[in-house]
Amino acid sequence: MAGLCIRFEQDRQENHIYATQPNGNVRLTSFPRPADEEGGVRRFAVRIENAIAAENAFRAQQKALIAQAEVQLQEALADTGARDAARLQVAQTTSLYRNDHRRKTARAELDAARERWQALTGKLPH
């Protein structure tokens, strides 16, 4: 309905609604005009005009919301501080454990204990 122009006309026998699309095409819809329904026809016309206004407002707001969301997305993509800090922490932790002599000593003690167990029981523990 966005961009649609509506015109209402009445003659003695019919009500007419002319809908002009944004590209200029016009569509005519006519329906009988009962003598006692003029108020209903006017209310119907107002509802159509309000629906068009609501659609236009929605589309205007939608464009602004899309633009705002795109800006926020670019800001979020550019903000790599937390990701960079996490990567640095992983690198530091990995380096710490890789170079920790206590770990190497503990591993050597575990291997020696497993070999003793195997010598005593004939089975290697998991």
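Going along each chain's sequence as written, the residues are numbered from 1 onward. The predicted nature of this model means local features are confined to residues of pLDDT at least 70 and side-chain atom pairs, given and counted, to a pLDDT of 80 or more, with totals for whole chains, interfaces and linings taken over all residues. Side-chain calculation: all heavy atoms of the structure are included, whereas hydrogens and water are not.

Caption draft 1: Structural detail: the side chain of His 16. Numbered from the N terminus, helices here are DSSP runs of H or I no shorter than four residues, and strands are runs of E no shorter than two. Within the element layout of this structure, His 16 appears in strand S2 (residues 14–20). Each residue is placed in one exposure class: buried if its accessible area under a 1.4 Å probe, protein chains only, is under 20% of its type's maximum, exposed if it is over 50%, and partly exposed if it falls in between. The exposure class assigned to His 16 is buried, which follows from its relative accessible area of 10%. In this structure the side chain of His 16 is engaged in a polar contact, spanning 2.6 Å, whose partner is the side chain of Ser 30. Apart from residues no more than four positions distant in its own chain, His 16 is found in contact with Arg 7, Phe 8, Glu 9, Asp 11, Leu 28, Thr 29 and Ser 30. Nitrogen and oxygen atoms within 3.5 Å of one another constitute a polar contact, given that in protein one can donate a hydrogen and the other can accept it, and given that sequence-neighbouring residues count only through two side-chain atoms. Every residue pair with non-hydrogen atoms within 4.5 Å of one another is taken to be in contact.

Caption draft 2: Just the environment of Glu 14, in detail. Along the chain, Glu 14 turns up in strand S2. Setting aside its immediate chain neighbours within four residues, Glu 14 contacts Glu 9, Ser 30, Phe 31, Pro 32 and Arg 33.

Caption draft 3: Summary view of helix H3 (residues 101–121). An ideal rise of 1.5 Å per residue puts 30 Å on 21 residues; H3 measures up with 30 Å between its terminal C-alpha atoms. Measuring from the side-chain oxygen of the N-cap residue of H3 to the backbone nitrogen of Arg 102 gives 3.1 Å; that N-cap residue is Asp 100. Looking at the residues trailing H3, positive phi occurs at Gly 122, about 80°. Between the first and last residue of a helix there are one fewer steps than residues, each counted as 1.5 Å, and that sum is the expected span.

Caption draft 4: Fine view of the side chain of Asp 100. When you line up the elements, Asp 100 lands in the loop between helix H2 (81–98) and H3. The buried category is assigned to Asp 100, whose relative accessible area is 16%. Of the polar contacts made by the side chain of Asp 100, one reaches the backbone nitrogen of Arg 102; its length is 3.1 Å.

Caption draft 5: Fine view of the pairing of S2. For S2, the tally of buried residues reaches five of seven residues, placing the bulk of the element in the interior. We call two strands paired when DSSP finds no fewer than two bridges between them. Summarising the sheet, strand S1 (residues 5–10) and S2 pair through six bridges and their orientation is antiparallel. The partner of Arg 7 across the bridge, within S2, is Tyr 18. The hairpin turn running from S1 into S2, its antiparallel successor, is three residues long. Examined bridge by bridge, S2 and strand S3 (residues 26–32) share seven bridges and lie antiparallel to one another. Paired with Glu 14 across the strands is Pro 32, a residue of S3.

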